[in-house]
Structure formats: C-alpha cells, structure tokens
There are 2 protein chains.
Amino acid sequence: MELDERKIKILDTIIRTYLETGEPVGSRTISKYTDLNLSSATIRNEMSDLEDLGYIIQPHASAGRIPSDKGYRFYVDHLMTEKDKEISDMKDFVIEHTERMESVLKQVAQMLAQTTNYATMITSPVKKNNAIKFVQISKLDEEQLLAVVVLGGNVVKNKVINLTEPMDNETLMKLNFLLNNSLNGKAPMDISLGIISGLKEQAGEHVDIVSVVLDAIAETITQEDLEVYTSGATNIFKYPELSSSENVSNLIYALEEKKELAEFVSENADSDEEIKVYIGDESDIKTMKDCSVVTATYDLGEGMKGTVGIIGPKRMDYEKVLTNLKEIKKQMNGLFNNTKTKGIEVKSDGE
Amino acid sequence: MELDERKIKILDTIIRTYLETGEPVGSRTISKYTDLNLSSATIRNEMSDLEDLGYIIQPHASAGRIPSDKGYRFYVDHLMTEKDKEISDMKDFVIEHTERMESVLKQVAQMLAQTTNYATMITSPVKKNNAIKFVQISKLDEEQLLAVVVLGGNVVKNKVINLTEPMDNETLMKLNFLLNNSLNGKAPMDISLGIISGLKEQAGEHVDIVSVVLDAIAETITQEDLEVYTSGATNIFKYPELSSSENVSNLIYALEEKKELAEFVSENADSDEEIKVYIGDESDIKTMKDCSVVTATYDLGEGMKGTVGIIGPKRMDYEKVLTNLKEIKKQMNGLFNNTKTKGIEVKSDGE
DNA sequence: TGTTAGCACTCGATAATGTAGAGTGCTAAC
DNA sequence: GTTAGCACTCTACATTATCGAGTGCTAACA
C-alpha cells in the first residue's frame with residue numbers, strides 16, 4: 001500500500017486541523033472540510049490505511065486521529081509551505097545593534113518567545129579556534145595589573161592580576177612587547193608548549209604574570225563560553241500535552257539548567273546553512289521527547305556563529321516558526337556586517 | 001484575650017507540625033504530641049481562641065488549622081530557634097574563589113537550591129557610586145580602538161570603538177592622558193557637565209571618541225548592571241500549594257524574567273546586616289503572595305554588596321534557611337577579603 | 001472555673017454510577 | 001469503489017454515595 005494523492009490530501013488535512021485545534025480529528029470533520037466530496041465512511045477507510053502506514057495514531061479506541069512523529073516528519077518535509085507573506089509580526093522587531101551582545105541575545109530570545117508562544121533559546125556566537133588579536137597588560141595601581149586579551153570578532157577578556165611586589169613601567173612595556181610578539185595572530189589551540197616555555201624563559205622573574213595571562217587565554221578555549229539564553233519557558237503551560245504530569249518540571253528544568261541544551265547545540269552545530277527540525281525523539285534530549293525543536297544557525301560574520309532555537313509541542317506551527325527563524329537569521333547576519341560605524345560591546349565584571 | 005504560655009506552646013506545635021507535614025493540624029494531633037496533657041476538646045477551645053487572635057486559619061469548616069501570615073511572623077520572630085549545629089549540609093560546599101564572579105554566583109545559587117529544595121536567587125555585587133580607577137584606550141588595529149574602564153572593586157568595562165580614520169600613537173597617548181586626568185577617582189555620578197564639556201573641548205577633533213568613552217561610563221551607572229541569577233525554579237513543583245493552578249506559571253515566569261526580583265532587591269537593599277524574612281504579602285511581589293522570601297546581604301569588601309535570597313512556600317523550613325544563608329554570607333564575605341593573592345575575573349564578550 | 005466526654009454536624013476526598021457524545025469498524029447495499 | 005446504517009467503545013462530565021477527619025457545642029465533672 002502506498003501513499004496516493006488522496007491519502008496525502010487527507011493526511012494534510014488531519015495534520016493542519018490538529019495543529020490548529022490540538023484535538024484528535026475525526027472522519028466526519030475531514031469529510032466536511034475537504035473538497036474531496038467523500039463520505040465519512042470512506043474517509044474512515046482511508047484513515048485506517050494511514051494508521052497502518054504509521055502516519056497517524058489513535059489515542060484511544062473511540063477517538064479521532066492525531067499525527068504520529070512520522071506524520072509530522074512527512075508534513076514538514078513535503079506538505080508544509082512556508083508563508084513568506086505573513087512575517088508582519090516579526091518585521092516590527094529590529095535588533096538594536098548598539099546594545100551589548102548579551103542584551104541583544106536576550107532580546108531576541110524574548111521577542112521570539114513572545115511572537116511564537118513557544119520556549120526559545122539562543123547561544124552566544126562563538127568562533128572556533130579564534131585567533132588572538134591583541135594582548136595588553138596595564139597597571140591599575142601599585143598592587144594590581146589588568147590583563148586584556150582581545151580575540152577575533154572582538155571578544156574581550158579581562159583578568160585582574162594581584163602583584164606581590166610593585167612593577168616598574170619598563171618591565172611592563174617589556175612584558176607587553178613579549179606577549180604581543182609571541183601570541184598575536186595565534187589561536188589559543190595553536191599555542192604550543194614550545195611557545196609557552198619560550199615565553200616563560202624570556203619573562204625571567206615575571207613568569208607568574210605570564211602564567212596568569214596564559215591561563216586567561218586558556219580559559220577562552222574552554223567550551224564554557226557557549227552561553228545559552230532561554231526565554232518563554234512558561235509558554236509550555238499553554239500546551240496541555242506538555243504541561244500535564246511531571247513533564248513540565250523536567251522541561252522547565254532543562255530550560256533553566258541549559259546544560260543539556262548547550263550539549264545539544266554543540267553536537268548539532270555542524271551543518272550550518274540549514275534550519276533543522278527535530279521531532280520528538282529526533283533530538284537527543286530525553287526530556288523533550290514530547291516536543292519539537294527547531295534550530296537555525298546565525299552568522300555574525302568574521303566566523304562568529306551561534307544557534308537560535310525554538311522548543312514547543314510537536315503540534316507547533318512549523319510554518320510560522322520557520323519563517324520567523326529565517327527572519328531572525330537575516331537580521332542577525334546583517335547585524336554585525338553592516339554596522340562597522342558603530343561601537344558595540346560594553347561589559348562589566350565585578351571581582 | 002492575650003497569648004499566654006499555653007497558647008504559645010500550642011501555636012508553636014501547630015506551626016512546627018504544619019511545617020513538617022504540610023497538612024492542616026487537628027486538635028487531636030496536638031493533644032497527643034505535646035506534653036501538656038490536655039484533651040483534644042480543651043485544645044479545640046484554645047485553637048478557637050488562636051483563630052480569633054488571627055494566628056491560625058481554618059481552610060474549611062471540618063479541617064484542622066494552618067498558620068496564618070501573622071502566625072508565621074510570630075513564629076519567625078519569637079518561636080524559631082536557629083539550629084546552628086546542623087549546618088553540615090553546607091559545610092561541604094566551599095566556594096571556588098578562583099572562578100569568575102559570574103560562575104561563582106551561579107554556583108552559589110545552585111548549591112543553595114539543592115540543599116534547601118527551594119528556589120534561589122543571587123544578585124551580582126554592586127557598589128553605589130563606584131569611582132573610576134582607570135581608563136585606557138588602546139589601538140586594536142587601524143580601524144578599531146578598545147576602551148577599557150575599571151571601577152572600584154575591579155569592575156571592568158570594555159567597549160570597541162570603530163574609527164572612521166586612523167589615529168596616530170601620539171594622539172592616543174594624549175587622549176589617554178586627558179581621560180585619566182579628568183576622570184580618575186571620580187564616580188560616574190559626579191562627572192559634571194562642566195567636566196564633560198571641558199574634556200570635549202580639550203579633545204579637539206576627537207570629540208566623538210571621548211563621547212563613546214563617556215557613554216560607556218554612563219552605562220555603568222544604569223541599574224541594568226544588577227544581574228540576577230536564579231536557580232531551582234522547578235523546586236516549586238515540590239510544594240502542592242504552590243504548584244497548583246496557574247500559580248506556578250506566574251511564579252516561574254517571575255523567576256525566569258527576573259525583572260521583578262531585581263526591583264524587589266534594589267528596593268529592599270537598604271538595611272544591610274540583617275537577614276530578612278518576607279511572609280506572603282510582606283514582599284511586594286504580587287506573584288509571590290503565597291510564598292515566603294528570605295534575603296541576606298553579602299559583602300565582598302570594598303563596598304561590593306549583593307543579595308542572596310530564597311523563595312519557597314510559606315511553610316518553609318525557616319530555621320534551616322536562615323542557617324544556610326548565614327553560612328553563605330560568611331563564605332561570601334571571606335571570599336574576596338582573604339584572597340588578595342589570587343587574580344579573579346575573566347570575562348568574554350562577542351561583538 | 002477550667003477540663004473533659006460525647007455527639008451531631010460539616011466538609012473534602014474518593015469511589016461508584018449513569019449519561020451523552022464523538023468516533024470508529026463492520027456489513028450490506030448501491 | 002463508495003456509502004448508509006448500526007452496534008460498539010471510550011472519554012468526559014455530572015451525580016450520588018460513602019468515609020473519615022475534625023470541629024463546635026453542651027452537659028457533666030473536679
């Protein structure tokens with residue numbers, strides 16, 4: 001038995017109706033709301049076939065049918081048409097690119113959560129093997145130095161170094177020259193033991209300072225930089241199929257904890273261009289087996305890439321979600337490239 | 001009618017029992033589990049009095065009694081004894097003070113949420129009217145400058161400035177001298193229009209650069225710096241009285257959104273030393289009218305103060321919570337003061 | 001005057017029962 | 001191949017009954 005024209009049309013109607021209403025779809029509904037002019041009995045036969053083929057499921061004996069994961073997958077791959085017209089809800093939103101990156105990301109997540117009514121996440125942009133652009137040590141006061149390291153894409157790292165004894169200006173300049181000379185243009189991954197020991201040798205009595213700077217640089221390559229921002233976790237409560245049982249607790253925990261999300265993102269960040277849809281088990285996050293996850297990669301330019309995603313019920317409005325994510329992608333891509341004239345980035349650290 | 005010895009003892013027992021079980025306490029229970037040797041009938045009379053006095057409430061006609069807000073308040077103020085012995089669960093936790101501040105705060109919030117089983121929050125340490133310690137502009141490349149501003153407590157801010165035309169080293173030095181001269185030692189609030197215009201005048205053709213730096217400094221005084229970290233939001237699900245109805249959604253939203261929390265903290269940050277308990281409506285957060293909020297102020301030294309707090313059901317284990325918060329306070333206070341030898345703080349920004 | 005036993009009463013929680021409606025599968029007829 | 005008709009299933013919802021915990025009140029007691 002194969003999927004013929006008619007079966008597809010019926011499947012399409014079932015899914016679309018279910019996406020709207022969230023309730024099992026019966027044969028009579030289909031019979032009425034399609035132009036097939038078939039009686040409910042005929043539809044019933046077809047639906048029985050569709051169930052055998054695995055595209056739809058009957059929650060219980062006397063209920064209508066709902067799409068299975070396979071059904072959703074078919075819908076996303078073949079039936080869905082993206083409604084490029086209706087992006088009006090997103091057009092209003094223009095990213096304020098004068099803001100700090102962190103606040104931009106939070107904004108995007110919030111806005112997306114608001115317009116879609118799903119939970120959202122967005123990761124900070126990262127660049128693999130980001131080269132060091134600039135290293136500088138300055139004297140804060142007699143007891144403290146400030147080390148500043150700038151990587152490609154203007155990722156700035158600071159570290160305050162406490163001195164045990166004062167340092168004169170000449171030494172400071174020497175150290176700065178030394179550090180820049182050995183480290184500039186190098187990616188943290190490429191800093192070999194050879195470079196390090198050479199550097200330390202030349203530093204003489206100030207080895208410890210060099211060590212601290214190197215430590216700071218080392219931290220930049222640790223994955224912990226993949227910050228994940230989430231928003232709209234409470235949207236989950238809008239979907240009974242997600243908010244019943246202890247499902248909610250686990251889901252919200254995952255959104256709060258973010259660790260699993262970060263892992264998921266880093267595992268799936270390989271193929272860029274595409275927007276990806278994970279239905280149910282397709283994402284490897286156990287707590288999200290009843291959800292669909294849709295992710296998109298954005299590219300700020302200079303190799304800075306991040307992921308933005310939506311977490312919602314399987315019966316999410318895929319068309320709207322894809323359209324919105326595309327719009328976000330576009331806006332984010334433009335964000336950095338077209339605004340060379342503006343300074344970005346201010347960030348605070350308490351000690 | 002007044003609270004005599006016996007009424008207090010009964011009230012104490014009611015509250016303690018309710019804290020444990022979470023269920024309305026009946027007269028018979030009290031009669032059995034106190035050494036008063038009174039029949040349930042007598043207890044009933046006393047409980048009726050206690051209800052008239054407003055210390056306990058009857059959820060419905062044929063149920064036992066539960067403490068009212070006034071009852072909890074009395075308990076916290078007069079009955080509770082902090083169990084200083086049982087801090088074993090916290091003793092294990094030692095803050096890793098080599099970490100970045102942000103991660104320390106997240107750790108503390110998480111740990112506290114885990115040991116208490118309530119939701120927790122912690123704010124980044126801030127210093128009122130923090131004086132500028134150090135200003136520096138460096139050349140990243142031909143097109144970009146990096147502005148670094150360090151405030152007291154080693155709060156570091158960075159801003160990348162895009163140049164329209166190259167800048168020679170001499171001008172850079174001049175600007176640096178100028179900026180440090182006019183701004184060093186000044187709190188952002190104290191930078192008068194006079195200083196600004198004087199600065200801009202001296203800057204000559206590089207007014208725009210000075211403006212950017214001033215903007216960066218201006219941002220430091222905006223309240224947005226009060227970062228709030230939360231953890232354990234899903235602990236709410238452990239308490240039926242909080243997790244029923246749409247209560248949960250609002251509560252979790254408040255914990256996710258954090259804005260209300262930030263406002264609450266800044267409004268109540270005045271009197272330091274104390275640990276404060278807000279029962280029900282006593283905190284002005286509407287969504288938390290069914291919760292108790294306990295906050296403590298920690299002091300990292302150099303005037304850097306923050307707030308750590310716990311949000312739980314009214315029937316929270318106040319004794320344990322207070323003890324834990326005191327321990328956190330102690331550890332946080334020691335964190336910065338005793339570790340002058342260690343450098344802290346590395347922080348990244350993508351542009 | 002304070003304490004107690006006894007009893008009727010209230011109310012929530014739970015289970016049992018009944019009913020209505022939606023939807024199916026099957027069969028026989030078109 | 002399509003359809004009408006019918007018996008059947010199952011959920012959702014409302015109704016009712018039952019149980020137990022707990023109270024308030026009264027009358028008796030020390």
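Source: prediction; values computed, not measured.

Okay, the overall build of chain A next. Scanning chain A for helices and strands turns up 13 helices and ten strands. Relative to its full complement of 351 residues, chain A shows a buried share of 55%. For chain A, long-range pairs separated by at least 24 residues make up 62% of all intrachain contacts whose partners lie at least 6 apart in sequence. Carbon and sulfur atoms provide 48% of the accessible area of chain A, an area that totals close to 15,700 Å².

Attention now goes to the sheet that holds strand E8 (residues 275-279) of chain A. Residues and elements named next belong to chain A. The five strands are arranged E7-E3-E10-E9-E8 in an open sheet whose pairing can be described as antiparallel. Two strands bound the open sheet, and with one partner strand each, they are strand E7 (228-231) and E8. This sheet shows a mean twist of 15° between the axes of neighbouring strands, independent of strand direction. The sheet contact formed by strand E3 (residues 119-123) and E7 spans four bridges and is antiparallel.

Let us now look at the protein's contact with DNA strand D. Surveying the vicinity of DNA strand D reveals 21 residues, the closest of which are Arg6, Thr42 and Ser62 of chain A together with Ser27 and Arg44 of chain B. Sugar and phosphate atoms constitute 71% of the interface atoms of DNA strand D, taking the interface as everything within 4 Å of the protein. At 2.8 Å from a phosphate oxygen of DNA strand D is found a side-chain nitrogen or oxygen belonging to arginine 6 of chain A. Among the elements of the structure, helix H3 (40-52) of chain A together with helix H3 (40-53) of chain B are those that each provide at least two residues to the surface near DNA strand D. Among the elements that take part in the surface near DNA strand D, H3 of chain A stands out by supplying four residues, more than any other. Grouping the amino acids of the surface near DNA strand D by side-chain chemistry returns six nonpolar, eleven polar and four charged.

All names here are of chain A. Where burial is concerned, most of strand E6 (residues 155-162) is hidden: eight out of the eight residues are buried. Neither face of E6 is exposed, since Val155, Lys157, Lys159 and Ile161 on one face and Val156, Asn158, Val160 and Asn162 on the opposite face are all buried. Between the end of strand E5 (residues 144-151) and the start of E6, which pair antiparallel, lie three residues, with glycine 153 showing a positive phi angle near 75°.

Here we take up the domain arrangement of chain A. Per the domain assignment, the segments of chain A are domain 1 (5-81), domain 2 (95-126 + 226-344) and domain 3 (132-222). Distance from the C-alpha centre of domain 1 of chain A to the C-alpha centre of domain 3 of chain A: 64 Å.

Residues and elements named next belong to chain A. Enumeration over the complete set of coordinates arrives at ten aromatic pairs over all chains. Three or more aromatic residues link up through ring pairs in this structure, and these residues are Tyr72, Tyr75 and Tyr318. Taking the ring centre of tyrosine 55 as reference, the NZ or CZ of lysine 70 above it sits at 4.6 Å.

Turning to the environment of tyrosine 118 of chain A, a few remarks are in order. Note on placement: tyrosine 118 of chain A falls in the loop between helix H6 (101-116) and E3. Along the sequence, tyrosine 118 of chain A and leucine 145 of chain A sit 27 residues apart, while their C-alpha atoms lie 46 Å from each other.

Take a negative patch on the surface next. Residue and element names in this part refer to chain A. A surface patch of negative charge is lined by Glu165, Asp168, Glu170, Glu205 and Asp208. Summarising the element assignment, aspartate 168 is placed in the loop between E6 and helix H7 (169-183). On the accessibility criterion, aspartate 168 (43% relative accessible area) is partly exposed.

Let's shift gears to the protein's contact with DNA strand C. The environment of DNA strand C is made up of 21 residues, and the closest members are Ser27 of chain A together with Arg6, Ser39, Thr42 and Ser62 of chain B. For DNA strand C, the fraction of atoms within 4 Å of the protein that belong to sugar or phosphate moieties is 72%. One nitrogen or oxygen atom from the main chain of serine 62 of chain A is found 3.3 Å from a sugar or linking oxygen belonging to DNA strand C. Between a phosphate oxygen of DNA strand C and a side-chain N or O atom of threonine 42 of chain B, the distance comes to 2.7 Å. When residues of the surface near DNA strand C are traced back to their parent elements, those giving at least two are H3 of chain A together with H3 of chain B. In terms of residues, the surface near DNA strand C owes the most to one element, H3 of chain B, which gives four residues. Looking at the surface near DNA strand C, its residues break down into six nonpolar, eleven polar and four charged.

Pairing of side chains with opposite charge becomes possible as their charged atoms draw close. Residues and elements named next belong to chain A. Inspection of every chain in the model, using the stated rule, returns 34 salt bridges over all chains. A salt bridge links arginine 65 to glutamate 51, with the nearest nitrogen and oxygen atoms 2.8 Å apart. Of this pair, arginine 65 sits in the loop between strand E1 (56-57) and strand E2 (66-67) while glutamate 51 sits in helix H3, placing them 14 residues apart in sequence. Between lysine 330 and glutamate 327 there is a salt bridge; the shortest N-O distance is 3.7 Å. Taken together, the residues span about one helical turn, with lysine 330 and glutamate 327 both in helix H13 (residues 318-337) at a distance of three residues. The exposure class of lysine 330 is exposed, given its relative accessible area of 53%.

Before going further, it helps to examine the environment of valine 149 of chain A. One can find valine 149 of chain A in strand E5. Between the C-alpha atoms of valine 149 of chain A and glutamine 136 of chain A, which are 13 residues apart in sequence, the distance is 6.5 Å.

Another aspect to go through is the packing of H7 of chain A against helix H8 (residues 193-203) of chain A. Residues and elements named next belong to chain A. Look at H7 against H8: their axes get within 11 Å of each other, and the N-to-C directions meet at 165°. Accordingly, the angle class assigned to the pair H7 and H8 is roughly antiparallel. By crossing handedness, the relation of H7 to H8 is classed as right-handed. Contacts between H7 and H8 pair Leu175, Leu178, Leu179, Ser182 and Leu183 from the former with Ile195, Leu199, Gln202 and Ala203 from the latter.

Let's shift gears to unusual backbone geometry. For lysine 258 of chain A, which is not glycine, the phi torsion reads 70° and is therefore positive. Note on placement: lysine 258 of chain A falls in the loop between helix H11 (247-257) and helix H12 (259-268). With phi around 55°, asparagine 37 of chain B is a residue other than glycine that occupies positive phi space.

Another point: the packing of helix H1 (residues 5-21) of chain B against H3 of chain B. All names here are of chain B. Taken N-terminus to C-terminus, the directions of H1 and H3 make an angle of 85°; their axes are 10 Å apart at the nearest point. If you check the angle between H1 and H3, you find them roughly perpendicular. Residues Arg6, Lys7, Ile10, Leu11 and Ile14 of H1 lie in contact with H3, whose contacting residues are Thr42, Ile43, Glu46, Met47, Asp49, Leu50 and Leu53. Here the residues of the contact of H1 with H3 are counted per class, giving seven nonpolar, one polar and four charged.

The rules behind each value
As a convention, each chain's residues are numbered from 1 in the sequence order in which they are written. For this description, chains carry letters from A and ligands carry numbers from 1, given in the order in which they are written. Residue-level local features of this predicted model are given only where pLDDT is at least 70; pairs of side-chain atoms are given and counted only at 80 or more, and the full residue set underlies all totals for whole chains, interfaces and linings. Values reported for side chains reflect all heavy atoms of the structure, with hydrogen atoms and water molecules removed beforehand. Under the scheme used here, helices are H or I runs from DSSP no shorter than 4 residues and strands are E runs no shorter than 2 residues, and both carry numbers assigned from the N terminus. Summary of the burial criterion: residues with accessible area below 20% of their type's maximum are buried, those above 50% are exposed, and those between are partly exposed, where the area comes from a 1.4 Å probe applied to protein chains only. Only heavy atoms enter the contact rule, under which two residues are in contact if any of them lie within 4.5 Å. Areas reported as accessible are Shrake-Rupley estimates using a 1.4 Å probe. Residue values count occlusion only from the protein chains shown. Being paired, for any two strands, means DSSP has found at least two bridges between them. Inter-axis angles, ranging from 0 to 180 degrees, are taken between N-to-C directions of lines fitted to C-alpha atoms, where helices are fitted over the stretch in contact. Proximity is defined per residue: any heavy atom of the residue falling within 4 Å of a molecule or strand makes that residue near it. Residues adjacent in sequence count toward polar contacts only when both atoms are side-chain atoms; beyond that, a polar contact is any pair of N or O atoms within 3.5 Å, and within protein one must be able to donate a hydrogen and the other to accept it. Any residue outside Ala, Val, Leu, Ile, Met, Phe, Trp, Tyr, Cys, Pro, Asp, Glu, Lys and Arg is labelled polar, Gly included; the first ten of those are nonpolar and the last four are charged. The split into domains, and so the bounds of each, comes from an automatic or database assignment of domains. Note on aromatic contacts: the rings of Phe and Tyr and the six-membered ring of Trp form a pair at centre separations within 6.5 Å, being stacked when their planes are under 30 degrees apart, edge-to-face when over 60 apart, and tilted otherwise. Remark: a charge is flagged as sitting over a ring if the NZ atom of Lys or the CZ atom of Arg is within 6 Å of the ring centre and within 35 degrees of the ring normal. Residues forming no salt bridge and having over 30% relative accessible area are the ones grouped into patches, like charges within 9 Å of each other and nonpolar side chains (Val, Leu, Ile, Met, Phe, Trp, Tyr) within 5 Å. When a carboxyl oxygen of Asp or Glu is within 4 Å of a side-chain nitrogen of Lys or Arg, the pair counts as a salt bridge. For the purpose of charge, His is not counted, nor are the chain termini; Lys and Arg are scored as positive and Asp and Glu as negative. Charge coordinates come from a single atom per side chain, which is NZ of Lys, CZ of Arg, CG of Asp or CD of Glu. Note on terminology: angles under 35 degrees are roughly parallel, angles over 145 are roughly antiparallel, angles of 65 to 115 are roughly perpendicular, and the others are oblique. Crossing chirality is assigned from the near helix's rotation relative to the far helix, an anticlockwise turn below a right angle marking it left-handed and a clockwise turn marking it right-handed.

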